Amino acid sequence: MIEKKFAPLIFVWIGSCLPKWAISSINFASSNNIDRKIILLLDKNSNILFKNKNHSFDLVFLPNQFMNECKFKEQVNLSNPFWINTAKRLKVLYQYCKTYKIEKFFHAEVDNLIFPLAGLENNLNAKGFGFFAPKDNNERALASLIFCNKIDSIKDIFQYFYPPYLAASEMHALGLYSKNSKDFFALPTESFLEVKNKWDILSPKNSDGIFDAAAIGQYILGVDPIHEPYKPLFNMFVNENVLVEFKDLYFYSKNRNLFVFFYKISESYKIYNLHIHSKKINLAISMLNEKNNILKRLSLGKKTLIANKHKFVTGKLKYILLAIKRKIIKNFKN
């Protein structure tokens, strides 16, 4: 048995049943980090999913009392259950790590594929102590993959959910924290060359790689299909916060790892996480196993159909029916 002597990687899913693709995602992280404990924190909503299921990580079901202690008990500006639960996730992480005296940890959102993290925590520990996260504009940072080696830095983030700040999401709370705390460290993204004069950012030479806030995964495997209700889903989506031209980057896989080559500086870096916004986790794993041509087509500037081929027909019909319904309602009101 290999001793799990490094900082654990902790996933959190609360508020609804864990989707099946998440198991594939977390198993992928576990297979890449066998010397690191992988923990999934769940509330009572996901119990049924794991009956007779094989998994390679530690499951922790959080009791109701624990979850009640993680509620926001004052006025906040979180508009729906999704934003409430993503923000509450930070409280769950903080409370769990304080309870079990976990002094440093990685955390990733479940729709991220996590590659080997060997050596990364030593590199980040050498830069300082606090909260490390990718930041893609001056107003927000994302917890797609983060590292924390000062647990109270998370507690300091909570103030930004309350007056006078009233952050509308955990991304914006992290953005406010990043601008106001010396304990925040911005991890380098695909746009690190373009943002280094806009805010302080770690060099990928310090971290020995880059991080995906959201843009890389959206470009390679598309956005969540809910944003394309009437169309098939293709890749090559360009996030509004990207400051680099994707034609200047070349993505390639090797031994189930993902790398990016920057033509302008003739440098290649590994990517520590891939944010699969489209939730097509198994398709992404197949890509990394070189069982499809998504990356090859990207290198040629060609899009790939990612999901919902049927919407070439059904999407048009759905749109027409919706237009007719709206017209009938409008005529009825008149």
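Scroll up a little and you will see the structure.
The notes below deal with the structure included here. Since the structure is predicted, the reported quantities are computational estimates derived from the model, not experimental observations. (Residues numbered from 1 in each chain as written. Predicted model: local features only at pLDDT ≥ 70, side-chain atom pairs only at ≥ 80, totals over all residues. Heavy atoms only, no water.)

### Here we look at the sheet that holds strand β11 (residues 257-262)
For step 1, the next point in the chain: Ordered in space as β10-β11-β12, the three strands form an open sheet in which the pairing is antiparallel. Each edge of the open sheet carries a strand with a single partner, namely β10 (249-254) and β12 (267-270). The average undirected angle you get between the axes of adjacent strands in this sheet is 25 degrees.
For step 2, the next point in the chain: Relative to β11, β10 is paired through six bridges, and the arrangement is antiparallel. Within β11, the residue paired with K254 across the bridge is N257. (Pairing = 2+ DSSP bridges. Helix = DSSP H or I, 4+ residues; strand = E, 2+ residues; numbered from the N terminus. Axes fitted to C-alpha atoms, helices over the stretch in contact; angles between N-to-C directions.)

### Considering the nonpolar core
For step 1, the next point in the chain: Judged by nonpolar contacts, the single largest core of 41 residues is most densely connected at I10, L41, V92, F105, F131, I154 and F161.
For step 2, the next point in the chain: At seven residues, helix α3 (residues 81-99) tops the list of elements feeding residues into this core.
For step 3, the next point in the chain: Among all residues touching I154, those that are not within four sequence positions of it are L90, Y94, F105, F131 and C148.
For step 4, the next point in the chain: Grouped together as the second largest cluster of nonpolar side chains are 35 residues, F192, Y219, I281 and I285 included. (Core = buried A, V, L, I, M, F, W, Y, C linked by side-chain atoms within 4.5 Å. Buried < 20%, exposed > 50% of the residue type's maximum accessible area, 1.4 Å probe, protein only. Contact = heavy atoms within 4.5 Å.)

### A few points about the sheet that holds strand β8 (residues 184-187)
For step 1, the next point in the chain: Across the sheet, which stays open at both edges, the seven strands sit in the order β3-β2-β1-β4-β7-β6-β8 with mixed pairing between neighbours. Edge positions in the open sheet fall to β3 (58-61) and β8, since each of these has one partner strand only. The sheet shows a mean angle of 25 degrees between the axes of neighbouring strands, taken without regard to direction.
For step 2, the next point in the chain: In terms of strand pairing, strand β1 (residues 9-13) meets strand β4 (residues 105-108) through two bridges, oriented parallel. Within β4, the position partnered with L9 by the bridge is F106.
For step 3, the next point in the chain: Of the strands in this sheet, β1 and β2 (38-42) are in contact with helix α1 (residues 20-32), which crosses β2 at around 155 degrees.
For step 4, the next point in the chain: α3 contacts β1, β2, β3 and β4 of the sheet and is inclined by roughly 130 degrees relative to β1.

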